[in-house]
Amino acid sequence: MTDNSTAQPVTPRIPADQLHAYVRAIWEQAGSTPREAELVADHLVAANLTGHDSHGVGMIPRYVASLADGELQLNLHADVVKDAGAVLTVEGGRGFGQVVAFEAMEQGIERAKRLGICAVGLRGAHHIGRIGHWAEQCARAGLVSFHFVNVAGDPLVAPFGGADRRIGTNPFCAAYPRPGKPPLVLDFATSTVAYGKTRVAYNQGKQVQPGALIDHEGRATLEPKVMHEAPFGSLTPFGGHKGFGLAAMCEIFGGALSGGFTTHSTTLGTTNAIINCMLSVIIDPAAFDAPDAQAEADAFIDWVKASPLAAGADRIYEPGEPERVTRAQREAEGIPVDAATWAQILAAALAVGMSAEEAGRWSARLQ
Ligand SMILES: NC(=O)c1ccc[n+]([C@@H]2O[C@H](COP(=O)([O-])OP(=O)(O)OC[C@H]3O[C@@H](n4cnc5c(N)ncnc54)[C@H](O)[C@@H]3O)[C@@H](O)[C@H]2O)c1
């Protein structure tokens, strides 16, 4: 299927189930168990479906490079290193984030259902991708959650008032389940734009929004190449001093409290690994004395959505709604994968030992 709605060149659209099968094949070829390959494919394809291509299948080449560096560890599982009842400390061991975060959430969900609340400190996970995926896992179990994440040792964002990269893109996420309705899911990087979105723009030859980037001398720029070619610039924190403050708390809650590590001169990464640490607080809403919580939440959402539209706006979205709209569209029409990203994924498939013949068969089938 092809995308006829955008300007040339046309970006091919790939049905989600077929893209999922290709991702599974790549990771099984690399040595993952079928379950691991399945969890990785679930996560990456879901990120594309929700419109976050920055955290979708385009991450495969980076993961393959990390594997080649000896960083990403296949077939590892979440290891509970301290069990304090309602507080769990979980070692990720540089295992696939798509596996260790899934397992850490499973443990936290079980505890929160039993005790009413559980704080999970997951440390040393290889990239855990789109954080909304983990909040949605909690929401499917009927649980509220919020998540503070650091990208340990991988600074890309300048502090408020600073001119070079000192902090990760540290995402914050919160979700509120609603029986009979989709959950509210707030999930964003604390940089003005996610780093992966600069990669997508760079691959597509596009500029990024004003205010999102500074060059190596601290001057504002629209060119994503400052993040991908030397001399390197920085992302800016969203929302000025407030976004910087939230990024700092993500760094400390995620990286320090979990027993992981924060970003500073002695922890700077030198490989292709992306290491995430995450503090997740998971709460059973039934543990509160709040019989009207659902009605109150709904009344608030209805109230804000009834606001007259501002000039230029076409609707008011609740948190998580843009992702649902994109998901419905991409489930129907397929996932667009641009040519540069596709070529990088093909090279990654070959690098993990897929034969040129098999990789060619996948390309012919999907493109
Ligand atoms: N694992 C990592 O190291 C890492 C690091 C950074 C970011 N990320 C992930 O990157 C993804 C993208 O982050 P981002 O900062 O580009 O997200 P974004 O700027 O697209 O913001 C997404 C959030 O804003 C809401 N939203 C978007 N448009 C809206 C509108 N018009 N009205 C109301 N709400 C709206 C969405 O529902 C969502 O909650 C996230 O999933 C994040 O978890 C991961």
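To keep things clear, this report deals only with the structure shown in the data block. Positions within a chain are numbered from 1, following the residues in the order the chain's sequence is written. Local features in this predicted model are restricted to residues whose pLDDT is 70 or higher, and side-chain atom pairs enter the listing and the counts only when it is 80 or higher, whereas totals over whole chains, interfaces and linings include all residues. Just so you know, side-chain values use all the structure's heavy atoms and leave hydrogens and water out.

Thoughts on the environment of L184
In this text, helices come from DSSP runs of H or I with a minimum length of four residues, and strands from runs of E with a minimum of two, each type numbered from the N-terminal end. Topologically, L184 is positioned in strand β7 (residues 181-189). Spatially, the C-alpha atom of L184 lies 7.7 Å from that of E321, the residues being 137 residues apart in sequence. Any two residues whose heavy atoms approach within 4.5 Å are treated as being in contact. Filtering out sequence-adjacent residues up to four positions away, L184 remains in contact with A174, A175, Y176, R178, I301, E318 and P319.

Considering the packing of helix α1 (residues 16-30) against helix α10 (residues 339-351)
Angles here are taken between N-to-C directions and fall from 0 to 180 degrees, while the axes themselves are lines fitted to C-alpha atoms, restricted in helices to the stretch in contact. Interaxial distance between α1 and α10 falls to 10 Å at its minimum, and their mutual angle equals 35°. When the axes of α1 and α10 are compared, the crossing they make is left-handed. Taken together, the residues of α10 that come into contact with α1 (itself represented by L19, Y22 and I26) are W342, I345, L346 and A349. Amino acid classes used here: Ala, Val, Leu, Ile, Met, Phe, Trp, Tyr, Cys and Pro are nonpolar; Asp, Glu, Lys and Arg are charged; the rest, including Gly, are polar. Class assignment of the residues belonging to the contact of α1 with α10 gives a composition of 7 nonpolar, no polar and no charged. Should the near helix be turned anticlockwise from the far one by less than a right angle, the crossing is left-handed, and should it be turned clockwise, the crossing is right-handed.

Comments concerning the site of the ligand
When at least one non-hydrogen atom of a residue lies within 4 Å of a molecule or strand, that residue is treated as near it. Around the ligand, the surrounding shell holds 22 residues, and the nearest of these are D187, A189, K197, G320 and E323. G129 places a polar main-chain atom, nitrogen or oxygen, 2.9 Å from a nitrogen atom of the ligand. Here a polar contact is recorded for every N or O atom pair within 3.5 Å, except that within protein the pair must consist of a potential hydrogen donor and a potential acceptor, and residues adjacent in sequence are included only if both atoms are side-chain atoms. Interatomic distance of 3.0 Å between a backbone N/O atom of I131 and an oxygen atom of the ligand. Computed by Shrake-Rupley with a 1.4 Å probe, the accessible areas treat only the displayed protein chains as cover when residues are assessed. Protein chains bury 78% of the 860 Å² of accessible surface belonging to the ligand in isolation. Those elements that place two or more of their residues in the shell around the ligand are β7 and α9 (321-333). In terms of residue count, β7 provides more of the shell around the ligand than any other element does, 5 residues in total. Here the shell around the ligand is built from residues that sort into 11 nonpolar, 7 polar and 4 charged.

Some points on the environment of H228
Among the structural elements, H228 can be located in the loop between β9 (220-221) and β10 (234-235). A C-alpha to C-alpha distance of 46 Å links H228 and E296, two positions 68 residues apart in sequence. Setting aside anything within four residues of it in sequence, one finds H228 in contact with Y195, T198, R199 and Y202. One polar contact links H228 to T198, side chain to side chain, over a distance of 2.9 Å.

Side note on helix α8 (residues 293-305)
One less than the number of residues in a helix, times 1.5 Å, gives the span that helix is expected to have. For α8, spanning 13 residues, the distance from its first C-alpha to its last is 18 Å, which sits close to the expected 18 Å at 1.5 Å a residue. Taken together, the buried residues of α8 touch β6 (171-178) and β7.

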